[in-house]
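Examination of the molecular architecture
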4 protein chains.
Amino acid sequence: MTALSTEHLSALAQQSVELPSWAFGNSGTRFRVFATPGTPRDPFEKIADAAQVHAYTRLAPVVALHIPWDRVDSYDALRRHAEDLGVTLGTVNSNTFQDEDYKFGALAHHDARIRRKAIDHHLECIDIMDETGSRDLKIWLAEGSNYPGQNDMRDRQDRLQDSLQQIYARLGDEQRLVLEYKFFEPAFYHTDVPDWGTSYAQVSALGEKAMVCLDTGHHAPGTNIEFIVMQLLRLGKLGSFDFNSRFYADDDLIVGAADPFQLFRILAEVIRGGGLNNPEVAFMLDQCHNIEDKIPGQIRSVLNVQEMTARALLIDREALTAAQEANDVLAANAVVMDAFYTDVRPQLAAWREERGLAGDPMAAYLASGYQQRIAEERVGGVQAGWGA
Amino acid sequence: MTALSTEHLSALAQQSVELPSWAFGNSGTRFRVFATPGTPRDPFEKIADAAQVHAYTRLAPVVALHIPWDRVDSYDALRRHAEDLGVTLGTVNSNTFQDEDYKFGALAHHDARIRRKAIDHHLECIDIMDETGSRDLKIWLAEGSNYPGQNDMRDRQDRLQDSLQQIYARLGDEQRLVLEYKFFEPAFYHTDVPDWGTSYAQVSALGEKAMVCLDTGHHAPGTNIEFIVMQLLRLGKLGSFDFNSRFYADDDLIVGAADPFQLFRILAEVIRGGGLNNPEVAFMLDQCHNIEDKIPGQIRSVLNVQEMTARALLIDREALTAAQEANDVLAANAVVMDAFYTDVRPQLAAWREERGLAGDPMAAYLASGYQQRIAEERVGGVQAGWGA
Amino acid sequence: MTALSTEHLSALAQQSVELPSWAFGNSGTRFRVFATPGTPRDPFEKIADAAQVHAYTRLAPVVALHIPWDRVDSYDALRRHAEDLGVTLGTVNSNTFQDEDYKFGALAHHDARIRRKAIDHHLECIDIMDETGSRDLKIWLAEGSNYPGQNDMRDRQDRLQDSLQQIYARLGDEQRLVLEYKFFEPAFYHTDVPDWGTSYAQVSALGEKAMVCLDTGHHAPGTNIEFIVMQLLRLGKLGSFDFNSRFYADDDLIVGAADPFQLFRILAEVIRGGGLNNPEVAFMLDQCHNIEDKIPGQIRSVLNVQEMTARALLIDREALTAAQEANDVLAANAVVMDAFYTDVRPQLAAWREERGLAGDPMAAYLASGYQQRIAEERVGGVQAGWGA
Amino acid sequence: MTALSTEHLSALAQQSVELPSWAFGNSGTRFRVFATPGTPRDPFEKIADAAQVHAYTRLAPVVALHIPWDRVDSYDALRRHAEDLGVTLGTVNSNTFQDEDYKFGALAHHDARIRRKAIDHHLECIDIMDETGSRDLKIWLAEGSNYPGQNDMRDRQDRLQDSLQQIYARLGDEQRLVLEYKFFEPAFYHTDVPDWGTSYAQVSALGEKAMVCLDTGHHAPGTNIEFIVMQLLRLGKLGSFDFNSRFYADDDLIVGAADPFQLFRILAEVIRGGGLNNPEVAFMLDQCHNIEDKIPGQIRSVLNVQEMTARALLIDREALTAAQEANDVLAANAVVMDAFYTDVRPQLAAWREERGLAGDPMAAYLASGYQQRIAEERVGGVQAGWGA
């Protein structure tokens, strides 16, 4: 049986996954947002919960914020709170889909006043980044239209570029803008940045500090996502991942839950293309725990990323190349499948214990009593959610 | 140019589309529900708005209710209110997806207490039907699971049948149960009634008063929906339509907006299979007007159904059969396309005027001042929505 | 680490997968059929190759035939040839998609002469079954239409039922008819049996000896196939599987190659529903090895089925039920994932050796020299293919 | 009723659609290629048939060639033959998917010898272009892999760029290279140029004479194709269309047959973006007439393009912009739908007659006796096809 080498474990020790603060709040579908006992009431409690994930896994030292959901009086206080708990503040996500003014668009809106407002919101986000020490401004463009003719798609594309340029100009030297694409939802006819090609064209026109964000749930059925990973790494424009999984649309399920083999293939291309532990490529989660407990849901998620990375590291690249060059389809595929089917969990558990962690982080968390404590203590107030 | 015959117009004169009361309330996505001025605050105002659609089109004499969204103190009062406005109350839709108890299921839940509660909710709906004079109880089963293993799908199927039998037993002689199927959402891994086959198997086991409801937005990409229409009519189990349209998932857009040719093909199979103006087959809308005005959205919808029915009626069945029997693919297709491409709108406008209606119902409604009036008058209170 | 119990191994020892004779011939896409050295020239050579798969795996004792591709002068001779090589002849597959007469249909054609010809072909297939001792007649209905209007779908459905009844009437007491459904291809607009619901309705109208065949590649994107497995087992109508895998359409790749987790879930439902080692449910492969070697491709396939069955057997049903009843989504999912992630291969290899087989059947086959031998010996003649 | 203006008709008079020579040969699926009486036996006969389409429609003055299917001794003779019949020779399509050497790739193959061979094939195609006077070399890259691991996708991408550069260097000043992308088929796991983004990145790295070819059938389900049209026009990289239609995969049906409203939306974006009658944007058909007559199939296709262009021209741009700027979703959509629903056929028929053409080109062709003549005369020889 193949085992992880020292080199592999060293790579795994460096791995870092950024958690989304909103994963700890309530979420749901258009039909219902169900509540969960112990849900945080404010960004400080979200950070506290995120810190639990890191405490048990040593995989999640960074927490991404979402503005305005995580607006606080003092970002410095939030930053110190995070650091006290052993984590730091990461990517700042903007939001241009919940203000009544944005009903028909924001950065691409035909009305200059509304574009100005949306641009200003992003400038505020960069102000916050300056305070939190965040590097990345992530823009998910929830804009589009529901009916053919509703908007002029071409004009919107040009206005979008113009708005992005104004935001880009405000970035500090060490800051970046990452532009997320999404196939559909909340708009149903057209989305202004529906695919990697559009995001690539838009960020390429901005400059070197603008990159593409790949959310694994934002593609048409049947899309070969690892191909896009390969291509964006090749083009030097893969800025970050939003990991999650899906059976149908943007289900935002736990990464690796729906198609673990796909996650494995994605991570194999990340490694192949030099994206692993590469500071240029941020690994983030973007998930919703609609019905399952949130902290355990995040623990499961980062472990899935770690375990699949471990499997992908096991691919025998030499044997693979030899089989490929011999046109031996079955042998080449077998090299890949052998790595995927290898059960790395026992070795990872032992390795965790060597590092002073619990071998089974999930069991350790559940035994810690934290979940019961927050369920009991967090009474009163308004549970955090998307404010939809 | 082919024109609609007297017989065609007579068929169109009988056509009736049932409006969903919830289309007049606010709706949105999981990201945001945008408000619209003039949105009804209660079921009485919803009925008033629905009556406007009928007044201008003479196509929509029935309004479907959704319980609990349309719960009122006196259904008799609601019924008289409707009748005063020229419409009647139709299908009663149950709701087992918004109570905290239903987080993990309702009619198929493993917990007998929750199943009992869900069954009782349906019995209450039948009580309401007795008061409103409604014939159909529509059950959209929003149940399922998000992760493999979360539930035992087989047990759920058996419990579902058991619950349905208890509901079925309470139906009056002239009442029916229609079971809607849906591919995915709000559950992301499995849905308890995901396809027509499952709905067909479930209702066939109940008896003659149980039928299938086909929502045009609830299928996998690429599904030939008119084939299912044909098959359910052939099997005698097509109880009702939920009309809407979609580009991607269950977008609930205006019927005919995304793929008018598909709507045409569906209506052609309805006519072919004897489903037009057949009391066994209810034509309903199930739509969301997230960003457009609601009353005009419904007017547009019923007109789309009427216009496409008119086009489908124009198919020259004799020429079609002749071409089919000659294996003349292009000629047969041309007969169908000729009907689809014929612009029936001028003739329909003239016919409307003959019947004392405005030739252009949309323009007439917009000119009536109703929209401005409700925007001004309906101030205060809480706008109706899904209560999600 | 969980290990396979004696009971599990006993179940695995009984497992039997039926190989398709055509997998050993050449196949390809509409763009090209590439040749492979050593490809059989006749049914006898196909059987010889299939027997190799069984010799190394003890998993594939039965070979399915396809008529006319496997037409021989003496089926008795073919039967004895098979038995000499340690295998038997299985399901007979009919073919109504390659004769010029079938350009516009066969069993559902509007022309009675062509229907008669297609029915007679099936009667001939049953004659062959009598000689080969086969139980199942498998009908894949490649019929449909490419353009709306080309055919009357309803009439075709009725004629199909009539034709099937005539075929059904000829079945012996121990024989069965299994009806395969397929979403699309070779017809592009409509397929006469596009989904499990249609196959179920058609075979239910025939009688107890008619069952549904589920080909894992014949569904719309996003379809939850294990749900259909569950439902057909529940309804007592799952007659057989055609295993293969796909990324997009009916790719006919090696089973388990595209989405191993899906194969696992399917087999978990088979076990849950009593379909494992149940004579009512035939496990067949239906694959194309367009670019890879065929015998190794089949070895890989049956091993994939075995390994995934083993993983599915490892699901801790007691723990699963407990988690389900506690509504513990993550724990329930973890039980399932734990089984999936367990590497059963070492134990299976050891078990194989106990049974006198090579621990690594693929390596043993490749080392045997058979592949080189057939490549050298099978010179001249016409390589078998689909005759397309 | 809106009517086409003089300006509209003038635009339509300039419209030119390029026909694919291979549409006149036999084609089919992997299951069967059915023959049709009268099918050409050589490129000269194909050109003759294509000329018929132009004679009756004045829409199709150019015929695209496919090498090697259209290899002839004298391209000059073929050119004169075409000109004698009133048409010219257009785009040259290369073929790197049918030689046994290309089983595992061509321009992206790891073997330098095979890449050289594939590059040389393209250089030969450019030689032919020099003789035929063709401007465009179209490369559809049928390369990819069927199984994860079979190939290194990244290396292939780099080798592809290198090969394309060598071909690009050979182009004359007035010649272009257009690179077609395709989602899947004949490769099932990965395609080397699967999406517009990859084609765009590849051709952008080549230079100004390299453009993207958009085949309307080569996208994932649910893709908004008109968005891509808009984007490529915006980026100045839309080189050509391959028109056809599809219900599911790359069905290659008659353009406009499956979703006429989609064709309309595509053409509306073409007009909006300046792509109509723009020499930079070639309109080609790429279709298969598997079961219908080929010449009438092509006549139907070019008429569909013309009729939809006419409808798209009718969009009242002023009213549309006004509605868009007022955020009047329904009014904006109504402007678009009004154009789509307008029956332009009578006016186009009258206009054709003014220009000395038959009002109904299909009827005129069918009455001409050409189809019967070729069916009778073209006896013996081998019907042209794909040589698959």
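This text goes with the structure placed above it.
Residues numbered from 1 in each chain as written. Chains lettered and ligands numbered in written order. Predicted model: local features only at pLDDT ≥ 70, side-chain atom pairs only at ≥ 80, totals over all residues. Heavy atoms only, no water.

A closer look at the overall build of chain A
Looking only at helices and strands, chain A features 14 helices and 10 strands. The C-alpha radius of gyration of chain A comes to 21 Å, within 12% of the 21 Å expected for a compact globule of 388 residues. By principal-axis analysis of the C-alpha atoms, chain A measures approximately 65 × 55 × 40 Å. Going through the 388 residues of chain A one by one, you find that 69% of them count as buried. Taking contacts inside chain A between residues at least 6 apart in sequence as the whole, the part at least 24 apart equals 78%. By element, 49% of the accessible surface of chain A is carried by carbon and sulfur atoms, the whole surface being about 11700 Å². Once the 36 positive and 56 negative side-chain charges of chain A are each reduced to a mean point, those two points are 3 Å apart. (Helix = DSSP H or I, 4+ residues; strand = E, 2+ residues; numbered from the N terminus. Rg over C-alpha atoms; globule rule 2.2 N^0.38 Å. Buried < 20%, exposed > 50% of the residue type's maximum accessible area, 1.4 Å probe, protein only. Contact = heavy atoms within 4.5 Å. Areas by Shrake-Rupley, 256 points an atom, 1.4 Å probe, with all protein chains shown as cover. Lys, Arg positive; Asp, Glu negative; His and termini not counted. Charge placed at Lys NZ, Arg CZ, Asp CG, Glu CD.)

Thoughts on the relation of the copies chain B and chain A
With an axial shift of 0.0 Å and an RMSD of 0.0 Å, the rotation relating chain B to chain A amounts to 180 degrees. Here the copies are linked by what is in effect a two-fold axis. It is Arg 30 of chain B whose C-alpha, among those of chain B, lies nearest the rotation axis, at 2.1 Å. Residue by residue, 100% of the interface of chain B is reproduced at the interface of chain A, so both copies engage with the same surface. (Least-squares fit on C-alpha atoms with pLDDT ≥ 70 in both.)

With respect to the interface of chain A and chain D
Accessible area lost upon the coming together of the parts is a frequently used measure of interface size. Each partner contributes to the interface: chain A provides 54 residues, whereas chain D provides 54 residues. Together, the buried faces of chain A and chain D total about 4300 Å²; carbon and sulfur atoms form 58% of this surface. A per-residue breakdown of the area chain A buries against chain D is headed by Arg 154, Phe 227 and Arg 234 of chain A, which together make up 16% of the total. If you look at where chain A meets chain D, you find six salt bridges. Of the charged contacts, one joins Arg 272 of chain D and Asp 155 of chain A as a salt bridge, the two residues approaching to 2.9 Å between their closest N and O atoms. (Buried area = accessible area lost by both parts, 1.4 Å probe. Salt bridge = Lys/Arg side-chain N within 4 Å of Asp/Glu carboxyl O.)

Let's talk about helix 9 (residues 294–313) of chain B
Taking 1.5 Å per residue as the helical rise, helix 9 of chain B with its 20 residues ought to reach 28 Å, and the 29 Å between its terminal C-alpha atoms agrees with that figure. Counting buried residues along helix 9 of chain B, 19 of its 20 residues qualify, which places the element largely inside the surrounding structure. (Expected span 1.5 Å × (residues − 1).)

Some points on the packing of aromatic side chains
Applying the stated criterion across every chain, the model contains 88 aromatic pairs over all chains. Pairing Trp 69 of chain B with Trp 386 of chain B gives two aromatic rings, centres 5.7 Å apart and planes at 15 degrees, and the pair type is stacked. Of this pair, Trp 69 of chain B sits in the loop between strand 2 (62–66) and helix 3 (75–84) while Trp 386 of chain B sits in the segment after helix 14 (370–377), and the two are 317 residues apart along the sequence. As far as burial versus exposure is concerned, Trp 69 of chain B and Trp 386 of chain B are alike and both buried. An aromatic cluster is present here, built from Phe 183, Phe 184, Phe 188 and Tyr 248 of chain A together with Phe 183, Phe 184, Phe 188 and Tyr 248 of chain B joined pairwise through their rings. The ring centre of Tyr 168 of chain A lies 5.5 Å from the NZ or CZ of Lys 209 of chain A, which sits over that ring. If you follow Arg 355 of chain B out to its NZ or CZ, it ends over the ring of Trp 351 of chain B, 4.1 Å from the centre. (Phe/Tyr/Trp six-rings, centres within 6.5 Å; stacked < 30°, edge-to-face > 60°. Lys NZ or Arg CZ within 6 Å of the ring centre and 35° of its normal.)

Topic: the pairing of strand 6 (residues 176–180) of chain A
Residues and elements named next belong to chain A. Burial analysis of strand 6 places five of its five residues in the buried class, the great majority of the element. The side-chain alternation of strand 6 yields two buried faces, one formed by Arg 176, Val 178 and Glu 180 and the other by Leu 177 and Leu 179. Here strand 4 (residues 136–140) runs beside strand 6; their pairing, made up of five bridges, is parallel. The residue bridging Lys 138 from the neighbouring strand is Val 178, located in strand 6. Bridging between strand 6 and strand 8 (residues 210–215) involves four bridges; their strand directions are parallel. (Pairing = 2+ DSSP bridges.)

Examining the relation of the copies chain A and chain D
Each of the two copies of the chain can be brought onto the other by a rotation about an axis and a shift along it. Rotating chain A by 180 degrees and translating it 0.0 Å along the rotation axis places it on chain D, where the RMSD comes to 0.0 Å. In this assembly, 100% of the residues forming the interface of chain A have copies in chain D that are likewise at the interface, indicating an isologous arrangement.

Distances and angles like these do not, on their own, reveal function.
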